[in-house]
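# Overview (structure and organization)
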Amino acid sequence: MFVWLRKARPIIISLIGYLLVTVSAFLLFLYLGFPFRQIEKRIIGLIEEKTSIKLDIREDLFRPPALFIWKGVRFSSQTIPYLDGLNLDIINARVNILSLLKRRIETDIKAEGAGGNFQGRLVVGRDERGIYYSLNGGGINLDLDRIIQKKDVRGNNISGRMRLDLDYSWSAISPSYGKGLLDLEVAGLNLKNIEVSGFPIKEILFPSVTGKVGLKGEVVNIERLIAKTNDIELIGSGNIIIRNQFRESMLNLTFNINRRGDGPIASLLAPFTVSNKGRPIILAVKGSLDHPLYYLNDIQLNR
């Protein structure tokens, strides 16, 4: 028996070699024929179709084995003014080819722009309910002024550096019908040219703002929001109902305001502080994003 094996050894080695070459060639041709460009176009098409956000990509590159590089990406949107005109320097999307064996596509994303960067993973898969998507990641050192790039819906200038962590999933219907969590922190939030109930405030600086937000469908549930200035502290919660026209989104927010010292805002609130006998002042914000209504201790401040 061993004599036969010794004589057949060269033949067996040759067969194994031919088999490996054949399998390698098959995998190579399979890879070369895989429609990566079509997948790229499909991804961009889905983003534009499902989110009403248009992407203008100055330069797109592909590097083996599965790395897409988009340079000079500009977002445009008629319904979300904060995204309209947003520019990202570069987006790298690396597809995990092995994930295709599990009937899903896992893509690691790295983006640079707005003075910071974002890293995360996008998963597209299928289960008994159909196609699903999930996005998990975080961004650091994002410049709000560069993200907004213009005055917001009420003509106020906003700046600051933001860090965020996002965990969001949705079905094939639309990202608007998904759910998830968002943790954020803004350092040096600066609001200029603020007007509250006819009282102009030239500038408000919040050295630190932290928040935890739940996302479900068109409802943004603010579970916790803490903002501090040198003279006040705001602790708030509530929800925002997002409309197709972003300006028409509805607000239902409540803040407890605690006085921490003397300053322009504390001076403005001084009469309410006295009447509250040291208890927190209750600030409610209702109405549309384009025309919010302010209430201090149930007293309406504007119409």
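Residues numbered from 1 in each chain as written. Predicted model: local features only at pLDDT ≥ 70, side-chain atom pairs only at ≥ 80, totals over all residues. Heavy atoms only, no water.

Looking at where K179 falls in the secondary structure, it is placed in strand β8 (residues 179-196). Sequence-wise, K179 and G214 are 35 residues apart; in three dimensions their C-alpha atoms are separated by 7.6 Å. (Helix = DSSP H or I, 4+ residues; strand = E, 2+ residues; numbered from the N terminus.)

Turning to the nonpolar core, a few remarks are in order. Grouped together as the largest cluster of nonpolar side chains are 55 residues, with contacts concentrated most on L164, L189 and F206. It is strand β7 (residues 157-171) that provides the largest number of residues to this core, a total of six residues. Filtering out sequence-adjacent residues up to four positions away, F206 remains in contact with G188, L189, L191, A227, K228, T229 and L234. (Core = buried A, V, L, I, M, F, W, Y, C linked by side-chain atoms within 4.5 Å. Buried < 20%, exposed > 50% of the residue type's maximum accessible area, 1.4 Å probe, protein only. Contact = heavy atoms within 4.5 Å.)

Structurally, N96 is set in strand β3 (residues 87-96). In this structure N96 comes out as partly exposed when scored by relative accessible area, which is 28%. For the pair N96 and E106, spaced 10 residues apart in the sequence, the C-alpha separation amounts to 5.5 Å.

Once that is clear, we can look at the pairing of strand β10 (residues 219-228). Pairing analysis gives eight bridges linking β10 to strand β11 (residues 232-241), with the strands arranged antiparallel. Of the residues in β11, the one forming a bridge with N221 is N239. Counted along the chain from β10 to the antiparallel partner β11, the turn is three residues long. (Pairing = 2+ DSSP bridges.)

It is worth spelling out the side chain of S249 at this point. Secondary-structure assignment places S249 in the loop between β11 and β12 (250-259). For S249, a relative accessible area of 1% puts it in the buried group. Looking at S249, its side chain comes within polar contact range of the main-chain nitrogen of R243, at 3.3 Å. With sequence-adjacent residues up to four places away left out, S249 is seen in contact with I240, I241, I242, R243, G287, S288 and L289. (Polar contact = N/O pair within 3.5 Å; in protein donor to acceptor, adjacent residues only side chain to side chain.)

Under the defined criterion, the tally for this structure stands at two aromatic pairs. Ring plane angle 10° and centroid distance 5.4 Å describe the contact between Y133 and W170, whose orientation is recorded as stacked. Residue Y133 is found in strand β6 (residues 130-143), and its partner W170 is found in strand β7; the two are separated by 37 residues along the sequence. An identical accessibility class is assigned to Y133 and W170; each is buried. Centre to centre, the rings of Y168 and W170 are 5.7 Å apart; their planes meet at 35°, and the pair counts as tilted. Accessibility assignment for this pair places Y168 and W170 in one class, buried. A cation sits over an aromatic face here: K286 above Y295, 5.9 Å from the ring centre. (Phe/Tyr/Trp six-rings, centres within 6.5 Å; stacked < 30°, edge-to-face > 60°. Lys NZ or Arg CZ within 6 Å of the ring centre and 35° of its normal.)

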